[in-house]
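# Summary of structural features
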Amino acid sequence: MFRFGSPDMFYLLLLLPAMILLFVLSIRARRRRLEKFGRRETLKGLIPDSSPVRIRNKFILFLLAISLLIIGLARPQFGSKLRETTAEGIEIIFAVDVSNSMLAQDFEPNRLERTKYAITRLLETIENDRVGLVVFAGDAYMQLPLTSDYVAARNFIRQVSTNMVSKQGTAIGAAINLAASSFSSDSEGNRVIILVSDGENHEDDATSAAAAAAAKGIRIYAIGIGTPEGAPIYMNGQYLHDNEGNMVITKLNESMLRDIALSTGGSYILATNKSVGLAEIVEKIDETEKSRFNVKTFEEYDEKYPYFLGAALLLLLINSLMLSRKNRILPRFNIFRERDVL
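Quick caveat, the model's predicted, so the values are computed rather than measured. (Residues numbered from 1 in each chain as written. Predicted model: local features only at pLDDT ≥ 70, side-chain atom pairs only at ≥ 80, totals over all residues. Heavy atoms only, no water.)

### Quick look at a positive patch on the surface
A surface patch of positive charge is lined by Arg-28, Arg-30, Arg-31, Arg-32 and Arg-33. Along the chain, Arg-32 falls in helix H1 (residues 15–35). (Patch = residues over 30% accessible without salt bridge, like charges linked within 9 Å, V, L, I, M, F, W, Y side chains within 5 Å. Areas by Shrake-Rupley, 256 points an atom, 1.4 Å probe, with all protein chains shown as cover. Salt bridge = Lys/Arg side-chain N within 4 Å of Asp/Glu carboxyl O. Lys, Arg positive; Asp, Glu negative; His and termini not counted. Charge placed at Lys NZ, Arg CZ, Asp CG, Glu CD. Helix = DSSP H or I, 4+ residues; strand = E, 2+ residues; numbered from the N terminus.)

### With respect to a nonpolar patch on the surface
Together, Met-9, Leu-12, Leu-15, Leu-69 and Leu-73 make up an exposed nonpolar region whose accessible area comes to about 370 Å². Position of Met-9 among the secondary structure elements: in the loop between strand S1 (2–4) and H1.

### As for the nonpolar core
Side chains of nonpolar character tend, in soluble globular proteins, to be buried together. Core analysis: the biggest nonpolar cluster contains 36 residues, and Phe-94, Leu-123, Ile-194 and Leu-278 have the highest contact counts within it. Secondary structure elements with two or more residues in this core: strand S4 (91–97), helix H4 (111–123), strand S5 (130–136), helix H5 (150–158), strand S7 (191–197), strand S8 (218–224) and helix H9 (278–286). Here this core takes five residues from H4, the largest share from any one element. Setting aside residues up to four positions removed in sequence, Phe-94 forms contacts with Ile-119, Leu-122, Leu-123, Val-131, Gly-132, Leu-133, Val-134, Ile-194 and Leu-278. If you look at the next biggest cluster of nonpolar residues, it comprises 25 residues, including Ala-95, Ala-140, Ile-172 and Ile-218. (Core = buried A, V, L, I, M, F, W, Y, C linked by side-chain atoms within 4.5 Å. Buried < 20%, exposed > 50% of the residue type's maximum accessible area, 1.4 Å probe, protein only. Contact = heavy atoms within 4.5 Å.)

### Some points on the sheet that holds strand S6 (residues 140–147)
Read across the open sheet, the six strands follow the order S6-S5-S4-S7-S8-S13; overall the sheet is mixed. Each edge of the open sheet is held by one strand with a lone partner, namely S6 and strand S13 (268–270). Recorded for the sheet is a direction-independent mean angle of 15 degrees between the axes of neighbouring strands. Relative to S8, S7 is paired through seven bridges, and the arrangement is parallel. Looking at S8, one finds that Arg-191 is bridged to Ile-218. On the sheet, helix H8 (residues 254–262) packs against S7, S8 and S13 and is oriented at approximately 160 degrees with respect to S8. Sitting on the sheet, H9 is in contact with S4, S7, S8 and S13, with an inclination near 160 degrees to S8. (Pairing = 2+ DSSP bridges. Axes fitted to C-alpha atoms, helices over the stretch in contact; angles between N-to-C directions.)

Written out as structure tokens, the structure is:
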């Protein structure tokens, strides 16, 4: 595996066009100054040692040296050892409701944004666990397969929106089935689904899906986000109304979420504006035995920057020794000159 340890150093390459521009301007200014003294053909005889080609070559050599120096500062590295280790952790798939009801503002700024923020914060604290993401409304989709790359996971979480699923509804059963079939085959248990929803299921039999997941040894921890009294849905700059002109109020269905969780040996937590409940759930999960799975990582990276820095210093040394005018001494050492034969 190849990477750069300090890729920000490549911004220094922006200096090269500026150097080229300054070189071109200096050459033109030099020509204009010389032309004040006479014609170019006449001046060549007066300054026979002048060599524009050498000046150009010295500058090209200097640019190459600077380029190699910048590459060296970016610290090119090669992964030298691919190590397969057995890590202890938990496979967690977040099943996040993205139906329009998650835009209700009984949580600030709304239910969905509060959920995304909580999951993002959680991903900054966990270690060795694999995480995945399923989003659902009227259908369920795998948004992020199981991974240990928490940076990528946080980026996927930030992009979650109600526009991801065109079909409206809340198919909790479909989300559970999809998540249950997405765990890796090499894990030995402790597969967990963290379901975040307001519980307004209108599409399928979520209880049967939970029972099927429990049969596979999968536990579901449910988080109810919303309030029992409900809240209007604010979208596209206005509150949502039904066909009869009445404002749509979405209410939390705690009983369904609680039944789903308890039927799998998990637990249910009611989210509040102070805490969504993810931290409490992870504490409960960590009390159980971690599952084992194989992880392949690059154990060491070989630094290659000394080669680039050495080449850059060599070119700078050659550049300093190279004259910008013709050398009168070297022609005297023409070893191929014909000699008189006696």
